[in-house]
Amino acid sequence: MEQFVDRDVERDQLTDCYESETADFVVIYGRRRLGKSELVRQSIADQEDAVYYQAVESTAQNQLEQFVETATAQFPSLQNVRRDWEAILETLGEENAIVVIDEFPFLIEEDDSLPSRIQRVWDTKLQETGMTLVLVGSSISVMENKVLSGSAPLYGRRTATIDLKPLDVADARKFFPGYDPETAITTWAIYGGTPYYLQTIDPDETLGTNVQQGVLSEQSLLYSEPEFLLRTELRQPNTYFSILRALAHGRRTPNEIAGMAGIESGSLSTYLQKLRRLRLVERHIPVTASPTASKRGRYRIAAPLFRFWFRFVYGNQDQLRILGDTAYDELIAPELADYVSPLFERLCQRALPHLIDRRFSDVGQWWFKEHELDVLGLTESGLVAGECKFASQPVSEGVLADLDRTASEVRWSEEPADGETLYVLFSRSGYTDDLKNTADARDDVRLFELSDIIY
Ligand SMILES: Nc1ncnc2c1ncn2[C@@H]1O[C@H](COP(=O)(O)OP(=O)(O)OP(=O)(O)O)[C@@H](O)[C@H]1O
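Computed from a predicted structure; not experimentally measured.

## Digging into the overall build of the protein
Then comes step 1: When helices and strands are counted, the protein shows 22 helices and twelve strands.
Then comes step 2: Each principal axis of the C-alpha atoms in the protein carries an extent, and together these give about 80 × 60 × 50 Å.
Then comes step 3: Across the protein, contacts joining residues at least 24 apart in sequence account for 67% of those joining residues at least 6 apart.

Put into structure tokens, the structure is as follows:
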């Protein structure tokens with residue numbers, strides 16, 4: 001790996017646990033490929049008393065033997081210890097060791113009693129020591145059910161939990177530092193913030209070459225990645241594929257999704273629930289709505305690479321093969337602006353609090369009946385309403401007039417009586433002179449360029 005990007009907050013959190021005098025039990029989990037193993041390996045690089053064991057799919061006995069072998073290399077005192085998890089962990093506790101078990105779900109698969117046995121030895125021995133026990137897992141369902149949930153034996157013993165998230169766009173950009181803002185936004189819209197995907201990018205090549213060689217070509221690493229991951233997590237993935245395809249093609253409401261995927265609306269929620277638990281799909285609501293009461297939920301694919309793949313690769317493999325090296329130019333490039341637009345909106349929403357000097361309580365999208373705002377920020381001094389255009393034409397005054405009209409439809413129960421709406425526009429291709437003059441003359445209008453939202 002050329003360079004380890006960011007993760008400072010998580011590394012500091014881990015170092016605090018390692019260095020504390022008391023016992024710490026840390027759980028790290030999150031979607032596949034986000035860099036859980038790398039984070040934990042980096043965090044123990046300078047720690048002398050650390051044991052790192054990456055579990056494999058094998059028998060319980062093999063797994064224990066491998067663990068003991070790894071740990072004994074570091075702590076020879078283990079040589080004469082009885083070969084069971086309790087005795088080995090107890091000795092490592094006496095050594096105040098840092099013990100990392102990566103891919104912990106593989107151990108549970110083979111031995112369901114392991115969490116309760118670890119819990120017992122934790123309660124009776126380990127919690128009095130200075131050790132740190134770190135359990136890492138990418139199977140979110142196993143980590144949630146067997147380690148994190150209220151009914152799991154280890155529940156309540158945790159002193160820290162790291163739910164690892166994708167890198168944000170500024171950190172993702174370190175994988176392609178030379179790209180101009182427009183290309184950088186497009187690149188993020190394709191690869192997202194997953195380090196494993198980002199590291200396939202050769203920053204000296206164009207985005208087109210990278211996507212052609214790294215995603216669209218049959219031999220490439222990412223050509224089958226979403227399909228591979230879904231097949232490892234789901235027993236019958238076909239219905240999930242249809243749902244993700246519908247989402248990637250812009251279907252957002254349950255009715256639209258069920259219609260395109262060809263499944264009963266009644267059974268859709270079970271599938272969506274599962275995809276949400278895998279962190280592949282997100283539900284969102286209008287920013288002014290109550291999170292507990294709102295029935296106006298929309299769904300979207302959380303990981304950009306999955307969205308890209310289900311839009312351009314899934315079901316298109318024959319065409320990609322026929323087009324060969326020209327696939328990016330012929331199939332992807334003409335649709336890129338349309339593809340990037342919704343993700344561009346998400347970047348604008350995230351950037352808003354950095355661009356406007358007001359205290360935001362929330363930022364997101366807003367919609368009601370046929371009215372829709374790409375960006376709506378709620379602040380103690382009123383609304384901030386925005387429109388995003390990832391188009392090749394400069395934005396003109398008509399867009400501001402529409403934004404003004406739509407913003408007047410917003411009802412927000414907490415809006416201050418003297419609140420003043422601020423209008424913000426984000427444009428890929430600048431603004432007409434008329435609009436610039438209007439914005440200059442009014443102090444409630446702000447115009448932003450791409451370079452403002454990617455910093
Ligand atoms: N912060 C980072 N900066 C740069 N590269 C990273 C970073 N995190 C991870 N990587 C690289 O991304 C790849 C995936 O990371 P890693 O194997 O740690 O992910 P993971 O979450 O453990 O994956 P999985 O759950 O699929 O096993 C590795 O090649 C790693 O070197």
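On we go.
## Examining the pairing of strand β4 (residues 132–137)
Then comes step 1: β4 sits mainly inside the fold: six of its six residues count as buried.
Then comes step 2: Of the two faces of β4, both are covered, the one formed by Thr132, Val134 and Val136 as well as the one formed by Leu133, Leu135 and Gly137.
Then comes step 3: Pairing of strand β1 (residues 24–29) with β4 involves six bridges; the strand directions are parallel. Across the sheet, residue Asp24 finds its bridge partner in β4, namely Thr132.

## Quick word on unusual backbone geometry
Then comes step 1: Phi is positive for Arg7, which is not a glycine, with a value near 65 degrees.
Then comes step 2: Structurally, Arg7 can be placed in the segment before α1 (8–19).
Then comes step 3: Positive phi, normally seen in glycine, also occurs at Arg279, with a value near 65 degrees.
Then comes step 4: Within the secondary structure, Arg279 sits in the loop between α15 (265–277) and β6 (281–284).
Then comes step 5: C-beta crowding within 10 Å serves as the criterion here: with 18 such atoms nearby, Arg279 is assigned to the partly exposed category.

## Some points on the site of the ligand
Then comes step 1: Neighbouring the ligand are 16 residues; Gly35, Ser37, Glu38, Ser138 and Pro195 lie closest to it.
Then comes step 2: For the shell around the ligand, the elements supplying multiple residues, two or more each, are α2 (36–44) and α10 (195–198).
Then comes step 3: A per-element tally of the shell around the ligand places α2 first, with three residues.
Then comes step 4: Here the shell around the ligand is composed, by residue class, of six nonpolar, four polar and six charged.
Then comes step 5: Here the shell around the ligand spans two domains, since at least three of its residues come from each of domain 1 (8–163) and domain 2 (170–339).

## Let's talk about the sheet that holds strand β3 (residues 98–102)
Then comes step 1: On the basis of which strands lie adjacent, the open sheet formed by five strands has the order β2-β3-β4-β1-β5 and parallel pairing. Since the sheet does not close on itself, it has two edges, and those belong to β2 (50–54) and β5 (160–163), each with one partner. Strand-to-strand twist across the sheet, computed as the mean angle between neighbouring axes with direction ignored, equals 10 degrees.
Then comes step 2: Bridge count between β2 and β3: five bridges; the pairing is parallel. Across the sheet, the residue bridging to Tyr53 is Ile101, located in β3.
Then comes step 3: The strands touched by helix α7 (residues 140–148) within the sheet are β1 and β4, with β1 carrying the most contacts at an inclination of about 155 degrees.

## Here's the deal with the UniProt feature "domain: DUF234" (unreviewed entry) in the protein
Then comes step 1: UniProt records the feature "domain: DUF234" (unreviewed entry) at residues 309–392, using the numbering of this structure.
Then comes step 2: Between the end C-alpha atoms of residues 309–392 the distance is 24 Å, and the span holds 44% helix and 31% strand.

## Considerations on the domain arrangement of the protein
Interface size is commonly expressed as the accessible surface area that is lost when the partners come together.
Then comes step 1: What the domain assignment lists for the protein is domain 1 (8–163), domain 2 (170–339) and domain 3 (341–453).
Then comes step 2: For domain 2 and domain 3, the distance between their C-alpha centroids amounts to 26 Å.
Then comes step 3: Contacts between the two partners involve eleven residues from domain 2 and, on the opposite side, 21 residues from domain 3.
Then comes step 4: Those elements that place two or more of their residues in the side of domain 2 that touches domain 3 are α9 (181–191) and α19 (336–355).
Then comes step 5: A per-element tally of the side of domain 2 that touches domain 3 places α9 first, with four residues.
Then comes step 6: Looking at the side of domain 2 that touches domain 3 residue by residue, the class counts come to seven nonpolar, two polar and two charged.

## Describing the sheet that holds strand β8 (residues 360–368)
Then comes step 1: If you walk across this open sheet you meet the five strands as β8-β9-β10-β11-β12, and the pairing is mixed. Only two strands of the sheet have a single neighbouring strand rather than two, namely β8 and β12 (445–448). Taken pair by pair, the neighbouring strands of this sheet meet at an average axis angle of 25 degrees, ignoring direction.
Then comes step 2: Sheet analysis places strand β10 (residues 382–389) next to strand β11 (residues 422–427), joined by six bridges and oriented parallel.

## Quick notes on the nonpolar core
If you look at soluble globular proteins, the nonpolar side chains tend to sit buried side by side.
Then comes step 1: Among the nonpolar cores identified, the biggest contains 82 residues, and Ile243, Leu247, Ile301, Leu305 and Cys348 are the most heavily contacted of them.
Then comes step 2: By residue number, the principal contributor to this core is α19, which donates eight residues.
Then comes step 3: In this structure, Leu305 is in contact with Ile190, Tyr191, Gly192, Thr194, Tyr197 and Leu222, ignoring residues within four places of it in sequence.
Then comes step 4: Ranked by size, the runner-up nonpolar core spans 42 residues in total, among them Val51, Phe67, Ala71 and Leu133.

## A closer look at the packing of helix α13 (residues 238–248) against helix α16 (residues 304–312)
Then comes step 1: Interhelical geometry of α13 versus α16 gives an angle of 95 degrees and a closest axis separation of 8 Å. By the angle between their axes, α13 is roughly perpendicular relative to α16. Residues Leu244, Arg245 and Ala248 of α13 pack against Phe306, Arg307, Phe310 and Arg311 of α16.
Then comes step 2: In the contact of α13 with α16, the residues fall into four nonpolar, no polar and three charged.

## Describing α19
Then comes step 1: The largest bend in α19 is about 35 degrees, located at Pro342.
Then comes step 2: For α19, every residue scored as buried is listed here: Tyr339, Val340, Leu343, Phe344, Glu345, Arg346, Leu347, Cys348, Gln349, Ala351 and Leu352.

## Description of the UniProt feature "domain: ATPase" (unreviewed entry) in the protein
Then comes step 1: Per the UniProt record, "domain: ATPase" (unreviewed entry) is found at residues 4–200.
Then comes step 2: Helix makes up 47% of residues 4–200 and strand 13%, with an end-to-end C-alpha separation of 14 Å.

## Description of the pairing of β8
Then comes step 1: As paired elements, β8 and strand β9 (residues 371–379) share seven bridges and run antiparallel to each other. Each residue of the ladder has a partner; that of Phe360, found in β9, is Thr379.
Then comes step 2: Here β8 folds back onto β9 in antiparallel fashion, the turn holding two residues, of which Lys369 has a positive phi close to 50 degrees.

Thresholds, definitions, all that
- Residues numbered from 1 in each chain as written.
- Predicted model: local features only at pLDDT ≥ 70, side-chain atom pairs only at ≥ 80, totals over all residues.
- Helix = DSSP H or I, 4+ residues; strand = E, 2+ residues; numbered from the N terminus.
- Contact = placed C-beta atoms within 7 Å.
- Buried ≥ 20, exposed ≤ 12 C-beta atoms within 10 Å, placed from the backbone.
- Pairing = 2+ DSSP bridges.
- Near = placed C-beta within 6 Å.
- Nonpolar A, V, L, I, M, F, W, Y, C, P; charged D, E, K, R; others polar.
- Domains from an automatic or database assignment.
- Axes fitted to C-alpha atoms, helices over the stretch in contact; angles between N-to-C directions.
- UniProt positions renumbered as here; feature names shortened; annotations may be inferred.
- Core = buried A, V, L, I, M, F, W, Y, C linked by C-beta atoms within 7 Å.
- Parallel < 35°, antiparallel > 145°, perpendicular 65-115°, else oblique.
- Bend = angle between axes of the 7 residues up to and from the residue.

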